[in-house]
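# Observations on the three-dimensional arrangement
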Amino acid sequence: MVTTTADSPDRLDGGPGEERPISRFSGHVEAAYWSLATDELVGRLETSTSGLLSVDAAIRLAKFGRNALAPRAGGSALSVFARQFRSPLVLILVFAAAVSAFVGEGHEAAIIGVIVLASCALSFTQEYGASRAMEVLQQRISRKSTVLRDSFERTVDVEEIVPGDVVCLSAGNLIPVDGVILESRDFNVSESVLTGETFPVVKSTGRSAPEAGIAQRTNAVFTGTSVRSGTAKVLAVATGARTEFASIAEALERRIPETEFARGIRMFGYLMTEIMLVIVILVFFANVMLNRPFVESLLFSLALAVGLTPELLPAIISVTLARGARTMAAGGVIVRRLEAIENLGSMDLLCTDKTGTLTEGVIHLDGSFDVEGNASTDVLLFARLNATLQTGLKNPLDEAIAGAPHGQEDLSGFTKIDEIPYDFVRKRLSVAVQDSKREQILITKGAVQNVLDACGFVQGSHGLTPLGATERKAIDERFRRWSAQGYRVLGLATRRFQSKAGVSRDDETEMAFAGFLLFLDPAKQGVRETLSALADRGIGVKVISGDNRYVAAHLAEAVGLRADRIMTGEDLSKLTKNGLLAGVRNTDLFVEIDPNQKERIVEALRRSGHVVGYLGDGINDAPALHEADIGISVDTAVDVAREAADIILLKRDLCVLVRGVDDGRKTFANTMKYISITTSANFGNMISMAVASLYLPFLPLLAKQILLNNFLSDIPALAIAGDNVDVDQVRRPRHWDIHFVRRFMVSFGLVSSLFDFATFAFLLLAVHATAATFQTAWFVESVLTELAIVLVVRTRRRLWRSRPSLLLAGLAVGVGVVAIAIPIAPFAGWFGFVPLATPVLAGLLAITALYVLVSELTKSWLFDHGSRTKPGRNRGLKSAPGRANPHPGLSRRMRFDVDGPMS
């Protein structure tokens, strides 16, 4: 019952049979809330052990805000637009406009201002659209939690939980609040993200000392930690920015490892900054020493800096990645972190469990048998009691037992007494029931060997007999025979009591082994072809499973994987770190693996030079998902697996992943196109202008002409995100190589400068151009060559063999026409342009055509001899282990160290 306060007389129906007040909770709770008695804390929070009313929760949500560490990303359109003006390049232009206005060049200042505004508008439209698209995608995978509202269990968005809510937790959940435990059952929590403690800690009701640290508060749980086993109900005390996790989130954020893609962009930025500073400083002082006007020299130098730098790169990257994320979402792949798209394209090795990936994932109970191998309804009855009455983490095996059409016995004569939840040490689950004769029965099911370990007897057709070596051998032979046929086999045992109030793990002893449960999950249709498609893309597949070696080998043979290169968990536990590094190279099936070993396997594979993707959905998959270069999960996974993953599959199907890999590689390819296009063209033009400014009696281009040139050439770049990508660009892993980018820029820059100098010679020696004619002609030629280079370097093929997207081709042609027409436009005089004679224009077109031919030859030479990738780690290094196909016959961020049932 919620406490009634003097200032809250309103009442409404609070559930069946009672009226409850609307709380006006002020938000003040004693700091050491973990030291208070439960009743006192409930009273201070003005709530009840049966939860809040929905109306009360809405009031508190409006008062305390959403349960999130920071406001939702994105921001208003106005804030995104204002952010465009924080760019150093934009500030340089604003400074240039201010200088022009100050010295009386209002015309020049106005033109610069218009170009700045237009550039920011282009960038804004791209970034704002990308941010809105990503918000929509993120909402599709928002985390949910179960709370008590109006005395009923309801599923709500985690961000809607408020202080006073009662949160229901079970194995696999990420804990969404700071709070105290109201009730618990075998409740173990991994707190490594806060305390650094590797092993989970036991949590229960009670009180802790006021001065207790986080690790000593055994009655409290904290945001960001995870439930490894058991169940609990928790009273939420602190949410959002008031949690313990929020106080250290900034430090944790700094520990997020930089992705290879982000590092590549950063190194590219350093490269461009160095080049820009050298050119600008040299050109500025050289022009001043040549007695040219100070302001004119300054504006020209600043314009060179802006012209050299790919100022739309942040917007292009955002748009390209967001477009890639939208494309992937349409194909059933949700991207949680945009940077992960590049890692997905770089992946050359996929590690996965078999259930639902290589198999249909729809497990059904194929039979229940007694110890002697005969069909048994008693075994099925006990199995149904165990599966339907347990309240821990739901799993496909229990669902298969409960839904078995041949097992619809009446269970109404049984009453549940207690249960012992599943955990990865025991690998079994027990439920205690009482039958109509008031006899109490403990029913245990789990891995055959682990159930046998708790047994001292065998329940045969002639009653109970001691479990000896002969009986163990017979049980093991049946287990192996069924496993070799592809069945997943569980054991079941019972123990009877006369009278017992509850059960504990100590009661799982001297049990009677009753029989077997056989489950079948056949190989998925078309999985052999999917594995072949992955191999064609340079991606090998390794299976990491907790299942026994016989089942795994049977499946491997069915889907075309090698079944003879197997490593068991027992074998792995005997290997040193270096021994495992050598062993993983020649292993395709890792079987009977425990949760901690999964992480060791992934770490060893990464050390061996692979870019590793890991696909998992269970509690025990979280450490491996963190360790992998690209963590992949499904939208039905437990919380800790979803939060650890970079990529979420809406359907657990490798075909979906294949499409995601292709989309990831296309996204990376289009991002690199913009960088290649803008650096190769800009670098050459800026070098040419810098050199020409030292030898010509006038500036080769005015500052406003440079800015207009840069603006026009950026327009086609907006279509790069949706450009067509050649098939060969998605047939192997793609990697960032800053050294090749530098070679590419210098090589094409020199070719560009060579033809710029040819243009200078043509204009000065053949045409005898005036300053205005020279500037107009070179402006036109510069724009045309930059547009031409877009079509040349966007593909590794000959440009006529690779079709660009219609939008890119249309924008390139349109801008080219505009560039030719500008000198005769009414506003041409504003920019200092004059009409060009037909012979001059024909000469410029001829030079451009020759430039395209030489650029094609340069491209062929570079891609044949210059692009050599090296193997290495993916985080921060070039990582290109090459095509990995270990199957003959087949054609980082914040760490939540959580682990924990069935995967």
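Since we're looking at a predicted model, the values are computed, not measured.

## Some thoughts on a nonpolar patch on the surface
Taken together, the side chains of Leu290, Val691, Leu694, Tyr695 and Phe757 make up a nonpolar region of the molecular surface, amounting to roughly 480 Å² of accessible area. Residue placement: Val691 occurs in helix H23 (residues 654-695).

## Description of the side chain of Thr568
Summarising the element assignment, Thr568 is placed in strand E21 (residues 566-568). Residue classification places Thr568 among the buried positions, given a relative accessible area of 4%.

## Here's the deal with the packing of aromatic side chains
Taken as a whole and assessed by the stated rule, the structure comprises 15 aromatic pairs. Ring centres of Phe827 and Phe831 lie 6.4 Å apart, and the angle between their planes is 75°; on these two criteria the pair is classed as edge-to-face. Since its relative accessible area comes to 32%, Phe827 is described here as partly exposed. Given a relative accessible area of 11%, Phe831 falls into the buried group. Ring geometry for Phe831 versus Phe833: centroids 6.1 Å apart, planes at 20°, classification stacked. Taken together, the ring pairs in this structure connect Phe698, Phe757, Phe760, Phe774 and Trp778 into an aromatic cluster. We note Arg217 situated over the ring of Trp34; from NZ or CZ to the ring centre the distance is 3.5 Å. The ring centre of Trp482 lies 5.8 Å from the NZ or CZ of Arg481, which sits over that ring.

## Digging into the confidence of the model for the chain
Low-pLDDT portions of the prediction should not be read for the details of their coordinates. Considering every residue of the chain, the mean pLDDT works out to 79; 79% of them sit at 70 or more. Residue range residues 251-256 is modelled with pLDDT below 50. Its contacts to residues more than four positions away, or to other chains, number 8 contacts.

## Details of the side chain of Ser802
For Ser802, the location among the structural elements is in the loop between helix H26 (771-793) and helix H27 (806-821). Here the side chain of Ser802 touches Thr795 through a polar contact of 3.4 Å, side chain to side chain. Residues within four places of Ser802 in sequence aside, it is in contact with Asp726, Arg794, Thr795 and Arg797.

## Regarding the pattern of salt bridges
The final tally for this structure, using the stated rule, is 30 salt bridges. Here Glu592 and Arg549 are joined by a salt bridge, their closest N and O atoms 3.1 Å apart. On the criterion of sequence distance, the pair formed by Glu592 in the loop between strand E22 (589-591) and helix H20 (595-607) and Arg549 in helix H17 (residues 549-559) is long-range, its members being 43 residues apart. Take Arg549: its relative accessible area is 31%, and that puts it in the partly exposed class. Glu603 is the partner of Arg607 in a salt bridge, and the nearest nitrogen-oxygen pair spans 3.9 Å. Taken together, the residues span about one helical turn, with Arg607 and Glu603 both in helix H20 at a distance of 4 residues.

## Observations concerning the environment of Phe152
Tracing the backbone through its elements, the reader meets Phe152 in strand E4 (residues 152-157). Given the relative accessible area of 43%, Phe152 is considered partly exposed. Between the alpha carbons of Phe152 and Ser50 there is a distance of 7.9 Å; along the sequence they are 102 residues apart.

## Some remarks on the sheet that holds strand E20 (residues 540-544)
The strand order E10-E25-E24-E23-E11-E20-E22-E21 describes an open sheet built from 8 strands, whose pairing is mixed. A strand with exactly one partner marks an edge of an open sheet, and here the two such strands are strand E10 (333-335) and E21. Between one strand axis and the next, the sheet turns through 20° on average, direction left out of account. Examined bridge by bridge, strand E11 (residues 349-352) and E20 share 4 bridges and lie parallel to one another. Bridged to Thr352 within E20 is Val543.

## Concerning unusual backbone geometry
Among all residues except glycine, the phi angle is most often negative; among peptide bonds, the trans geometry is most common. Despite not being glycine, Arg438 has its phi angle at roughly 65°, a positive value. The topology assignment puts Arg438 in the loop between strand E14 (428-434) and strand E15 (440-447). Accessibility expressed as a relative area gives 59% for Arg438, which makes it exposed. Positive phi is not limited to glycine here, since Glu592 has a value of about 55°. We classify Glu592 as partly exposed; its relative accessible area is 28%.

## Comments concerning H17
Three or more residues of H17 are buried, namely Val551, Ala552, Ala553, Leu555, Ala556 and Val559. Buried residues belonging to H17 abut helix H15 (469-484), strand E18 (488-497), helix H16 (527-536), E21 and E22. The distance from a side-chain oxygen at the start of H17 to the backbone nitrogen of Tyr550 is 3.0 Å, and the residue carrying that oxygen is Asn548. Directly after H17, the chain includes Gly560, whose backbone phi takes a positive value near 95°.

## Structural notes on the pairing of strand E3 (residues 144-149)
Regular strands have side chains that alternate between both faces of the sheet. In this structure, E3 lies alongside E4, joined through 6 bridges in antiparallel fashion. Across the sheet, the residue bridging to Leu148 is Glu153, located in E4. Connecting the antiparallel pair E3 and E4 is a turn made up of 2 residues, with Asp150 showing a positive phi of about 55°.

## Comments concerning the packing of helix H24 (residues 703-714) against H26
Two quantities define a packed helix pair, namely the angle between the axes and the distance from one axis to the other. Taken N-terminus to C-terminus, the directions of H24 and H26 make an angle of 25°; their axes are 10 Å apart at the nearest point. Taken together, the axes of H24 and H26 lie roughly parallel to each other. Once H24 is placed against H26, the crossing between them reads as right-handed. For the pair formed by H24 and H26, the contact residues are Gln705, Leu708, Asn709, Leu712 and Ser713 on the first element and Gln775, Phe779, Ser782, Val783 and Glu786 on the second. Taken together, the residues that form the contact of H24 with H26 break down as 4 nonpolar, 5 polar and 1 charged.

## Details of the environment of Asp726
With respect to the secondary-structure elements, Asp726 resides in the loop between H24 and helix H25 (738-766). You can call Asp726 buried: its relative accessible area is 8%. With 69 residues separating them in the primary sequence, Asp726 and Thr795 have C-alpha atoms 7.0 Å apart. Of note is the side chain of Asp726, whose polar atom sits 2.6 Å from the side chain of Ser802.

## Notes on the environment of Ser190
In this fold, Ser190 is placed in strand E6 (residues 178-190). A residue is classified by how much of its surface remains accessible, and Ser190, at 2% relative accessible area, is buried. Distance in space between the C-alpha atoms of Ser190 and Val221 is 9.9 Å, their sequence separation being 31 residues.

Cut-off values and rules
Residues numbered from 1 in each chain as written. Predicted model: local features only at pLDDT ≥ 70, side-chain atom pairs only at ≥ 80, totals over all residues. Heavy atoms only, no water. Patch = residues over 30% accessible without salt bridge, like charges linked within 9 Å, V, L, I, M, F, W, Y side chains within 5 Å. Areas by Shrake-Rupley, 256 points an atom, 1.4 Å probe, with all protein chains shown as cover. Salt bridge = Lys/Arg side-chain N within 4 Å of Asp/Glu carboxyl O. Helix = DSSP H or I, 4+ residues; strand = E, 2+ residues; numbered from the N terminus. Buried < 20%, exposed > 50% of the residue type's maximum accessible area, 1.4 Å probe, protein only. Phe/Tyr/Trp six-rings, centres within 6.5 Å; stacked < 30°, edge-to-face > 60°. Lys NZ or Arg CZ within 6 Å of the ring centre and 35° of its normal. pLDDT = per-residue confidence, 0-100. Contact = heavy atoms within 4.5 Å. Polar contact = N/O pair within 3.5 Å; in protein donor to acceptor, adjacent residues only side chain to side chain. Pairing = 2+ DSSP bridges. Axes fitted to C-alpha atoms, helices over the stretch in contact; angles between N-to-C directions. Parallel < 35°, antiparallel > 145°, perpendicular 65-115°, else oblique. Left-handed = near helix turned anticlockwise from the far one by under 90°. Nonpolar A, V, L, I, M, F, W, Y, C, P; charged D, E, K, R; others polar.

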